[in-house]
Amino acid sequence: MPTEHNNHKNNQLAAEWVEQFRPFAKEGQCASYIPVLAEKDSNQLAISIIGTNNDEMKAGETTELFTLQSVSKVVTFILACMERGLPYVLERVDVEPTGDTFNSIIRLESHQPGKPFNPMINAGAITVSSMLDGNSPQEKVSKILCFLEQMIGKKLKVNEEVYQSEWQTANRNRSLAYYLMDSGFLDCPVEEALEVYLKQCAIEVNVSDLAMIGLVIANDGYHPLTKTQLFPKQVAKLAKALMVTCGMYNASGKFAAFIGLPAKSGVSGAILAAVPSHAGLDSPFPAGCGIGIYGPAIDDIGNSVAGVNLLKHIATEWNMNIF
Ligand code: DON
């Protein structure tokens, strides 16, 4: 069980790490293609690690709210698998890494029949959002929020300003969606799929919320605090495999090779990592944990620079590499 003393010691260690890795933010920049994100304080860095007893280690700007962005892709993939069943989902989106940028369109035409390569790139995520259950985009978004709230245990909302900001600049995503519609990989009209996709990206969380999502994924869909199986083990395993192979965009290979954790990043600077029990043995979280990191200065690929360096340090210190 966590004790006051251990919590204090762990938080102190987390605070040291945050100050050690904060300077890496200078090597990145806040995402500029979404105008509202460009205004964020690029120097911020926060981390939360939550274990199966609800023991939390945290430091940095832990109350700062940020949007999920691409981290939401893991969540909607899991939800779509629950609602439609695996065969339906996998018929419409593959599970192969691309090595291309997250918003690339090139393979939709060069590989026939134009099936998106995986649900972690925009094309695949838009396809997944289009197949979610609900009669309207609002209904679909409510289901996503509800699903997340079961994991996090509090009410969440879409940041309307971020959503609007992205809606107005979403030409590339609109192109992807029209292409997907043309090749039969969209289950609803383009504008509806885009509304769901961009709203899921604009759901607001803090690092502890991210860590809770990571904890449930690490535990194969079982929520250790509410003691409920929120999604099937098989779906959780697939989600983790996709995070390892495709979760850090076209840096996923290097991330797997040198950090070795299932993780998903977003251009807001969010990183979610799921540490299964066998990887947590040398850490204060031997039964596994979820890690949430926020550092809005991202590199050219779209990953938080300070965040990736911090995660690499922790994974090395605590021998968390799943391989
Ligand atoms: O589609 C976009 O551009 C963003 N809303 C999400 C981007 C992101 O985090 C990177 N995606 N893999």
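Residues numbered from 1 in each chain as written. Predicted model: local features only at pLDDT ≥ 70, side-chain atom pairs only at ≥ 80, totals over all residues. Heavy atoms only, no water.

The chain is annotated in an unreviewed UniProt entry as Glutaminase from Lysinibacillus zambalensis. Under the heading Subunit (unreviewed entry), UniProt records this for the chain: "Homotetramer." Quoted verbatim from the Sequence similarities (unreviewed entry) field of the UniProt record, the comment on the chain reads "Belongs to the glutaminase family." (UniProt positions renumbered as here; feature names shortened; annotations may be inferred.)

1. Observations concerning the overall build of the chain
For the chain, the helix and strand inventory stands at 14 helices and 9 strands. Relative to its length of 323 residues, the chain is compact, with a C-alpha radius of gyration of 18 Å against a globular reference of 20 Å. If you line up the chain on its principal axes, its C-alpha atoms span 60 × 40 × 35 Å. For the chain, the residues scored as buried account for 59% of the 323 residues in total. (Helix = DSSP H or I, 4+ residues; strand = E, 2+ residues; numbered from the N terminus. Rg over C-alpha atoms; globule rule 2.2 N^0.38 Å. Buried < 20%, exposed > 50% of the residue type's maximum accessible area, 1.4 Å probe, protein only.)

2. Section: the site of the ligand
What surrounds the ligand is a group of 14 residues, the closest being Tyr33, Ser70, Lys73, Glu166 and Tyr197. Between the ligand and Asn122, the relevant distance is 2.9 Å, taken from an oxygen atom to a side-chain nitrogen or oxygen of the residue. In this structure, Glu166 approaches the ligand through a side-chain N or O atom, which is 2.5 Å from a nitrogen atom. Protein chains shield 99% of the accessible area of the ligand, which is 340 Å² for the free molecule. Using a 2 Å cut-off from the grid points, one finds that the ligand occupies the largest pocket. (Near = heavy atom within 4 Å. Polar contact = N/O pair within 3.5 Å; in protein donor to acceptor, adjacent residues only side chain to side chain. Areas by Shrake-Rupley, 256 points an atom, 1.4 Å probe, with all protein chains shown as cover. 1 Å grid on protein atoms, 1.4 Å probe; cavity = no way out; pocket = protein on both sides within 12 Å on 5 of 7 lines; lining within 4 Å. Sits in = over half its atoms within 2 Å of the grid points.)

3. Considering the pairing of strand 2 (residues 56-60)
One ladder, built from 5 bridges, connects strand 1 (residues 46-51) with strand 2; its direction is antiparallel. Bridge pairing in strand 2 places Ser48 opposite Lys58. Here strand 1 folds back onto strand 2 in antiparallel fashion, the turn holding 4 residues, of which Asn54 has a positive phi close to 70°. (Pairing = 2+ DSSP bridges.)

4. Observations concerning empty space enclosed by the protein
Across all of its chains, the model carries 2 cavities of 30 Å³ or more by this definition. Estimates place the volume of the largest cavity at around 80 Å³. Thr98, Asp100, Thr101, Ser104, Arg107, Leu108, Lys115, Pro116, Phe117, Ile121 and Ala123 are the residues that line the largest cavity. The residue makeup of the lining of the largest cavity, split by class, is 5 nonpolar, 3 polar and 3 charged. Roughly 50 Å³ of volume is contained in the second largest cavity. Along its surface, the second largest cavity is lined by Cys30, Ala31, Leu37, Lys40, Val267, Ser268, Tyr294 and Pro296. (Points joined across faces, edges and corners; volume = space filled by probe spheres on them. Nonpolar A, V, L, I, M, F, W, Y, C, P; charged D, E, K, R; others polar.)

5. A few points about the pattern of salt bridges
In the structure shown here, the tally under the stated rule is 13 salt bridges. The salt bridge involving Glu19 is made with Arg22; its shortest N-O contact spans 3.0 Å. Here Arg22 falls in the buried class, since its relative accessible area comes to 12%. Notably, a salt bridge pairs Lys154 with Asp209, separated by 2.8 Å at the nearest N-O pair. Here the residue Lys154 occupies a position in the loop between helix 7 (137-152) and helix 8 (160-167), and Asp209 occupies one in helix 11 (residues 207-218), the gap between them amounting to 55 residues. Its relative accessible area of 5% is what places Asp209 among the buried residues. Within the structure, one salt-bridge network assembled from shared partners comprises Glu19, Arg22 and Glu61. (Salt bridge = Lys/Arg side-chain N within 4 Å of Asp/Glu carboxyl O.)

6. Observations concerning the UniProt feature "binding site: substrate" (unreviewed entry) in the chain
As annotated in UniProt, the feature "binding site: substrate" (unreviewed entry) corresponds to Ser70, Asn122, Glu166, Asn173, Tyr197, Tyr249 and Val267 in the numbering used here. Considered against the second largest cavity, the annotated residues that line it turn out to be Val267. In this structure, Glu166 sits in helix 8. The buried category is assigned to Glu166, whose relative accessible area is 4%. Relative to the elements of secondary structure, Tyr197 occurs in helix 10 (residues 190-201). On the basis of relative accessible area, Tyr197 is assigned to the buried category, the value being 2%. Setting aside residues no more than four positions away along its own chain, Tyr197 makes contact with Lys73, Asn122, Ala125, Ile126, Ser129 and Asn173. (Contact = heavy atoms within 4.5 Å.)

7. Digging into the layout of surface pockets
Taken as a whole, the largest pocket spans an internal volume of roughly 460 Å³. For the largest pocket, the lining is made up of 29 residues, of which Ala31, Tyr33, Phe102, Val267 and Ile298 are closest to its centre. Elements supplying a minimum of two residues to the lining of the largest pocket: helix 9 (171-182) and helix 10. The element best represented in the lining of the largest pocket is helix 9, accounting for 3 residues. Its residues assigned to classes, the lining of the largest pocket comprises 11 nonpolar, 13 polar and 5 charged. Lining the second largest pocket are 14 residues, with Ala251, Lys254, Phe255, Ile259 and Val308 positioned closest to its centre.

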